[in-house]
Amino acid sequence: MPMTIYKFAVLEDQEWIFPVDGADFETFFAMDGRAIQDWAPPVMQMVEAEQGAEEPSYSDFPWLGEHAPILKKPAVDALAPVLAQYGQLLPLKGENVWLFNVTTVLDALDREKSGIVYFDDGDILDIERHVFKRDVIGTAEIFKLPRRASAVYVTGRFVEQVRGSGLRGVSFAPVWTSEE
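Residues numbered from 1 in each chain as written. Predicted model: local features only at pLDDT ≥ 70, side-chain atom pairs only at ≥ 80, totals over all residues. Heavy atoms only, no water.

A.B. asks: Can you tell me about the overall build of the protein chain, naming the residues and giving the values?
C.D. replies: Within the protein chain, the secondary structure is distributed over 4 helices and 11 strands. Relative to the globule expectation of 16 Å for 180 residues, the C-alpha radius of gyration of the protein chain, 16 Å, shows essentially globular dimensions. A burial count over the protein chain gives 47% of its 180 residues as buried. In the protein chain, the share of contacts with a sequence separation of at least 24, taken over all contacts with a separation of at least 6, comes to 66%. Summed over its atoms, the accessible surface of the protein chain is roughly 9,700 Å², and 49% of this surface lies on carbon and sulfur atoms. If you average the places of the 16 positive and of the 29 negative side-chain charges in the protein chain, the two averages end up 6 Å apart. (Helix = DSSP H or I, 4+ residues; strand = E, 2+ residues; numbered from the N terminus. Rg over C-alpha atoms; globule rule 2.2 N^0.38 Å. Buried < 20%, exposed > 50% of the residue type's maximum accessible area, 1.4 Å probe, protein only. Contact = heavy atoms within 4.5 Å. Areas by Shrake-Rupley, 256 points an atom, 1.4 Å probe, with all protein chains shown as cover. Lys, Arg positive; Asp, Glu negative; His and termini not counted. Charge placed at Lys NZ, Arg CZ, Asp CG, Glu CD.)

What follows is the structure, given as structure tokens:
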């Protein structure tokens, strides 16, 4: 049976959330799959619509980026049992939201077959075409790659759980389907 891997994707009118202090963006980019013991929650704020623009649609997953899923209480309530297997739910300040820190890191990217753009120092700049090693993913439903600010990847099974729970304002983009 084929396996499909997705990453979180932003919706056109999705709610956005940012740290009040711009220096706190580094907190989110620096997450590398390790559990955080001494969590100092950044203060977050929902982004207001610009003058004359439409208000964003409600989202149970306000958008910060594909590397740092942010969840409102309905999403935490619906998904906490599965999320706990793959990382930590960390409270944030300023809004009633949580950061999902993915601690399942899998070296599952087939670098030979994927389309990867590298920095001069050899670090990955962008992955234009994903090819994963299915045997490395195994039964994991949520994971990151061993790289700074890795996107959070999820399986079709997790996507179905989210869709089946009635959560709103969340989207997933398929990035790879196995040939098996």
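A.B. asks: Could you give an account of the sheet that holds strand β6 (residues 97-102), naming the residues involved and the relevant values?
C.D. replies: Read across the sheet, 3 strands follow the order β4-β6-β5 without closing on themselves; strand pairing throughout is antiparallel. The open sheet has two edge strands, β4 (70-72) and β5 (87-91), and neither has a second partner. Averaged over all neighbouring strand pairs, the angle between strand axes comes to 35°, with direction disregarded. As judged from the 5 bridges shared by β5 and β6, these two strands associate in the antiparallel manner. The residue bridging Leu 89 from the neighbouring strand is Phe 100, located in β6. Sitting on the sheet, helix α2 (residues 73-83) touches β4, β5 and β6, and the angle it makes with β4 is about 120°. (Pairing = 2+ DSSP bridges. Axes fitted to C-alpha atoms, helices over the stretch in contact; angles between N-to-C directions.)

A.B. asks: Explain the sheet that holds strand β10 (residues 153-155) to me, using residue names and the numbers behind them.
C.D. replies: Strand order in the open sheet made by the 4 strands is β9-β10-β1-β11, with antiparallel pairing throughout. The sheet is open, and its two borders are formed by β9 (142-143) and β11 (171-177), each paired with just one other strand. Where strand β1 (residues 4-9) and β10 come together, 3 bridges link them in antiparallel fashion. Bridging across to β10, Tyr 6 finds its partner in Val 154.

A.B. asks: So what about the side chain of Asn 101? Which residues, and what values?
C.D. replies: Within the element layout of this structure, Asn 101 appears in strand β6. Looking at Asn 101, its side chain comes within polar contact range of the side chain of Gln 88, at 2.7 Å. In this structure, Asn 101 is in contact with Met 31, Arg 34, Ala 35, Ile 36, Tyr 86, Gly 87, Gln 88 and Leu 90, ignoring residues within four places of it in sequence. (Polar contact = N/O pair within 3.5 Å; in protein donor to acceptor, adjacent residues only side chain to side chain.)

A.B. asks: Break down the pattern of salt bridges for me, citing the residues and quoting the values.
C.D. replies: Evaluated as defined, the whole model comprises 7 salt bridges. In this structure, Asp 77 and Lys 73 form a salt bridge, with 3.0 Å as the shortest nitrogen-oxygen distance. A residue pair is termed a helical-turn pair when its members lie 3 or 4 positions apart in one helix, as Asp 77 and Lys 73 do in helix α2 at 4 residues. Relative accessible area serves as the criterion here: at 51%, Asp 77 is assigned to the exposed category. By relative accessible area, which is 41% here, Lys 73 ends up partly exposed. Put simply, Arg 163 and Glu 160 hold a salt bridge, and the shortest N to O gap is 3.8 Å. In this pair, Arg 163 and Glu 160 both sit in helix α4 (residues 156-164), 3 residues apart, roughly one turn of the helix. (Salt bridge = Lys/Arg side-chain N within 4 Å of Asp/Glu carboxyl O.)

A.B. asks: Residue-level account of the packing of α2 against α4, with values.
C.D. replies: Packing of α2 against α4 brings their axes to within 10 Å, and their N-to-C directions diverge by 155°. Relative to α4, the element α2 lies roughly antiparallel. At the point where α2 passes α4, the crossing takes the right-handed sense. Residues Leu 79, Val 82 and Leu 83 of α2 lie in contact with α4, whose contacting residues are Phe 158, Gln 161 and Val 162. Classifying every residue of the contact of α2 with α4 by side-chain character gives 5 nonpolar, 1 polar and no charged. (Parallel < 35°, antiparallel > 145°, perpendicular 65-115°, else oblique. Left-handed = near helix turned anticlockwise from the far one by under 90°. Nonpolar A, V, L, I, M, F, W, Y, C, P; charged D, E, K, R; others polar.)

Function-wise, these values are silent; they only describe arrangement.
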